[in-house]
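Survey of secondary and tertiary structure
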Amino acid sequence: MVKSQTTSSNRNLTNKLDDRILYPGEYLQYRGEDNRTFIDKSEGVYLYDKTGHKMIDGPGGMWNVNVGHGVKEIADAIHEQIRKMPYASPFSESTEIATTYASRLVKYAPGDLKRVFFTSGGSPAVDSALRFVMFYNNVRGLKEKKLIISRHDAYHGSTYLSASCSGKERDKNNFDFADDIVHHLSSPNPFRKDKNLSDEEFCDIKVKELEDKILELGSDKVAAFIAEPILASGGVIIPPKGYHKKTLEICRKHNILYISDEIVTGFGRLGHIMSSEEHFDVTPDIILLAKGITSGYVPCGAVVISEALMADLDNKEKVIFSNGFTDSGHPVAMAAAHATLDFMENNNLLDHVKKVAPYFQSKLSELIDLPIVGDVRGAGLMAAVECVIDKEKRDPLNLQYEIASRINTHCQNLGLIVRPLFNTCVMSPSLIIKEDEIDELVRILREGIILATEDIKKEGLWS
Ligand SMILES: Cc1ncc(COP(=O)(O)O)c(C=O)c1O
């Protein structure tokens, strides 16, 4: 029985420690005996466990360590900032390091998205955007216009409202959600579409579903549509061509705000700091960022808001935006964010991604010849390898097989960490990855899939 949906290896040293942590994504009945690998140090695209065993960091942390591990300039910037001034209150003061970063950031934003609200991570960015949208409608006297539309297979975070927007089935177990506020559409997953439908027909069905939902709930009641351009931890689901633009048009038609959750797709993952406009041809009202903003070195998030929305709040009675965090625009996070952007600009990292991504995608796509691999999909430096029982029927390999965890265990022993999502292996390495490292990543992943296939065959689970 595989005890964890996260990392596991045969070399774990956890049983030597009194491990008191309640981990995200942990099966509670196995707490304390979870088979996690303890990571001890990291460098470039590699992680090392306590025994010194070297593994490629396939998920690039949690698709956040975009500039790679061990960048001295970021460490130095953090160190210097802590020595100079570790903290100042964002509620009553400001800092040059935060204001200069905000104005640097918005140069990369599309349209008139020029106002930045900083948060301490991704979920607070999602919650803050949703609270802003509700506040925005309250201030404008539209007190009924509060509902949010999201999608199945989306992931938006783990705070109450962001989790309510998430649509991954397994995340729904035993938790409560704001179901009165958030309404879900079906997943725009082309791999699971009816085979008789063309991509265009599938796209039109999904777009119509959005419009039908708005009409069903009432456009005077729906405040916003929230969407990851690529549904990342739902399994790197890329909606059909034209979907983004058409859904934006529907939102515009019904006066509904469009929130683009770029917490994964931002900061270079697709070769852009923000990909909504440059990659997907949509200019949203709000863009959400986190993860790669500081390359995971310290926590940070941001909500980038259109000036048109801000202007709609002008000339009203005195209104206070009383949403904020102790760590909004934290000086140390701002130092890391500046240094991350410096590294990306100085090393032409966006160009590197554009150059290396086709190689990454094409090498991974070679795995489709393996008997249990049903789909290999991705964009930029994010990809998913989905395992199925039957390539024709595209049935996911039964969840109880935990096939991706099995693959991860084998891969870790061979020198690669995989992000296992039940029947899907996600790969999103640091953006600095080079072609020979991609070769190694794909070679190990192939071997891991072959070994896991042999396991389930031996156990009589698959033939
Ligand atoms: C698309 C997306 N939105 C929001 C979040 C939540 O971010 P955080 O874990 O920093 O709260 C995540 C985290 O994985 C994410 O992938």
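A brief look at the structure comes next. The numbers attached to residues start from 1 for each chain and follow its sequence in the written order. Residues qualify for local features only when their pLDDT is at least 70, as the model is predicted, and side-chain atom pairs are given and counted only at 80 or more; totals for whole chains, interfaces and linings, by contrast, use all residues.

Concerning the overall build of the protein chain
Here a strand is any run of E in DSSP of at least two residues, a helix any run of H or I of at least four, and the numbering for each starts at the N terminus. A tally of helices and strands in the protein chain yields 13 helices and 15 strands. The atom set for the radius of gyration is the C-alpha atoms, and the globule formula is 2.2 Å times the number of residues raised to the power 0.38. Compactness check: the protein chain gives a C-alpha radius of gyration of 22 Å against a globular reference of 23 Å for 463 residues, within 12% of the reference. Whether a residue is buried, exposed or partly exposed is read from the other C-beta atoms within 10 Å of its own C-beta, which are placed from the backbone; 20 or more gives buried, 12 or fewer gives exposed, and intermediate counts give partly exposed. Here the protein chain holds 463 residues, and 49% of them are scored as buried. Any pair of residues counts as being in contact when their C-beta atoms, constructed from backbone geometry, are within 7 Å of one another. When contacts within the protein chain are restricted to residue pairs at least 6 apart in sequence, long-range pairs at least 24 apart make up 73% of them.

Notes on the site of the ligand
We call a residue near a molecule or strand when its C-beta atom, built from the backbone, sits within 6 Å of it. Within the structure, the ligand sits among 16 residues, and Gly121, Gly122, Ser123, Gly157 and Ile263 are positioned closest to it. A per-element tally of the shell around the ligand places helix α4 (residues 122-139) first, with three residues. Nonpolar residues are Ala, Val, Leu, Ile, Met, Phe, Trp, Tyr, Cys and Pro. Charged residues are Asp, Glu, Lys and Arg, and all others, Gly as well, are polar. Class assignment for the residues of the shell around the ligand results in seven nonpolar, seven polar and two charged.

Some points on the sheet that holds strand β3 (residues 54-57)
Strand pairing is assigned whenever DSSP detects at least two bridges linking the two strands. The sheet built from four strands is open, its strands ordered β1-β2-β3-β13 with mixed pairing. Here the strands that pair on one side only, and so sit at the sheet edges, are β1 (39-43) and β13 (416-417). Sheet analysis places β1 next to strand β2 (residues 46-49), joined by four bridges and oriented antiparallel. Residue pairing for β2: Lys41 is matched across the bridge by Tyr48.

Details of the pairing of strand β15 (residues 424-427)
Across the two faces of β15 the burial is the same, with Thr424 and Val426 and Cys425 and Met427 all buried. In the sheet, strand β12 (residues 382-387) pairs with β15 via four bridges, with the strands oriented antiparallel. Across the sheet, Ala383 pairs through a bridge with Met427, a residue of β15. The pairing of strand β14 (residues 419-421) with β15 spans three bridges and is classified as antiparallel.

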